[in-house]
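# Chains, contacts and geometry: an overview
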Amino acid sequence: MSPAPVFDKPKVELHVHLDGAIKLETILYYAEKRGIPLPANTVEELRDIIGMDKPLSLPEFLAKFDYYMPAIAGDREAIKRVAYEFVEMKAKEGVVYVEVRYSPHLLANSKVEPIPWNQAEGDVTPDEVVFLISQGLQEGERDFNVKVRSILCCMRHMPNWSPEVVELCKKYRQQTVVAIDLAGDETINNSSLFSGHVQAYEEAVKSGIHRTVHAGEVGSAEVVQQAVDVLHTERIGHGYHTLENTTLYDKLLKENMHFEVCPWSSYLTGAWKPDTLHAVIRISMQPSPASFQTMRKRSSLTDCTRPIRYHSQSLNCQSDDASNMTEQDRKNS
Ligand SMILES: [Zn+2]
C-alpha cells in the first residue's frame, strides 16, 4: 500500500531527468522489440537491477544507464513515447508545471561522437531527438493538462557536444525548450572552464536562453563559483557545497539565486551523510528561492512526493516548508 501523501497540493518540478523517469514496462517493450539484451525479463527484476534506494558509487550508478539506455536510444518511436509517458506520469502525480531535462546526444546514434551506449551507427541525430521529444511533450501537454517545458543538457565530460546543444536550444525554443544545463561528473577538474561549455553558455547569454548548472552537489564551492562567474548561470542544481564559502553563499542569497535542491538524490549520490545536518536545512531557513526536487536520476521507483516525504521525516522539517517552496516555484515559473 502506498504511504499516505504528505503533500497533496498542485506541484511544480524544475529539476527532473527524463532518462531517469522512463517506465520500466517501456524499457522491456523496446528491448524485446529491438532484440536488445537486458539483464531482466520482468518489471520486478528490472526494478531490482536498475532501481536505486541506497547510495552507490559513480561507476555503479553509471552502469545502470548502460543496462537500459540502449533499449531507447536511437529509436524514434521509443524516444517520442518516453516523453509522452513522462507527462502522463507527472499528471498522475499532481504536477501542474514541469521542466524536464535530458542530453539530446545521449539518445542519438548519428552525428554524435562518440556514439553512446555502444550503439551501431544509425540515422537519429541529436537534432531529431529534440524534435521527437518536443513532440511527445507537447502531445502530453494537450492530453494530460500539464504545462511542460524542457532543458537541454551539456555533459561535463563532452565539451565538444555543447556548442550544438545551445544551437538546439535556439532552434526549438518555441517547442518547449527554455534553457541549457550542464550535467555529469562535476568532479572532473575545472570542467566548467572547458571551452566548449564556456562557448555554449556565452552564446546562451547572447541569445536569451536561460541557464542552469549542476554544481556543488558533490563538487566544491569552487564549482558553484565557476558556474556563476564563468557560465553565468541563473539557477544552481543542488549547490549544497556553496555553504563552504560563506562569502559566495551570502552573495548568491543577495542576488536571489535559485537552488534546485533534492535531499533524496543527495542521499543516493552520497552528497549528504545522514548523520550530519543537511545543507537544505540551512538553505531553506534563508529567504532564498530554493525548491525541492525529485531528480529522478534512475528509473521510475518513486513518485514525486517521495523526496518531500523524505525531507519531512528524515530531515525533521515540516511538510509546510515543502509546500511553501513549491508555491514559490509556481510563482517563479
Ligand atoms: Zn540533476
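About the cut-offs
- Residues numbered from 1 in each chain as written.
- Predicted model: local features only at pLDDT ≥ 70, side-chain atom pairs only at ≥ 80, totals over all residues.
- Heavy atoms only, no water.
- Donors = N, O, S within 2.8 Å, 3.2 Å for Na, K, Ca; no water.
- Helix = DSSP H or I, 4+ residues; strand = E, 2+ residues; numbered from the N terminus.
- Buried < 20%, exposed > 50% of the residue type's maximum accessible area, 1.4 Å probe, protein only.
- Salt bridge = Lys/Arg side-chain N within 4 Å of Asp/Glu carboxyl O.

### So, the coordination of the zinc ion
Six octahedrally arranged donors around a metal ideally form angles of 90 or 180 degrees; four tetrahedrally arranged donors ideally form angles of 109.5 degrees. Taken together, His15 (NE2), His17 (NE2) and His214 (NE2) make up the full set of protein donors to the zinc ion, lying 2.0 to 2.1 Å away. One chain supplies every donor for the zinc ion, spaced along it as H-x1-H-x196-H. Linking histidine 15 in strand E1 (residues 11–17) with histidine 214 in strand E5 (residues 210–215), this pair joins segments that are 199 residues apart in sequence. We note that histidine 15, like histidine 214, is buried.

### Focus: the pattern of salt bridges
Applying the stated criterion to the full structure yields 19 salt bridges. With its nearest N and O atoms 3.1 Å apart, the salt bridge here joins arginine 101 to glutamate 260. Of this pair, arginine 101 sits in strand E2 (residues 95–102) while glutamate 260 sits in strand E7 (residues 258–261); the two residues are 159 residues apart in sequence, bridging distant segments of the chain. Here arginine 101 matches glutamate 260 in class, with each residue buried. One salt bridge in this structure joins arginine 235 and glutamate 260, with 2.6 Å as the shortest N-O distance. Of the two residues, arginine 235 is situated in strand E6 (residues 235–238) and glutamate 260 in strand E7; the sequence distance between them amounts to 25 residues. Glutamate 260 matches arginine 235 in its accessibility class, with the two residues each being buried. Three or more residues are tied together by salt bridges with common partners; here these are Glu99, Arg101, Asp181, Arg235 and Glu260.

### Observations regarding unusual backbone geometry
Of the consecutive residues glutamate 113 and proline 114, the connecting peptide bond is found in the cis state with omega at 0 degrees. The residue proline 114 is located in the loop between E2 and helix H5 (126–144) in this model. Of note, asparagine 118 is a non-glycine position whose phi angle comes to about 55 degrees, a positive value. If you trace the backbone, asparagine 118 turns up in the loop between E2 and H5. For asparagine 118, a relative accessible area of 81% corresponds to the exposed category.

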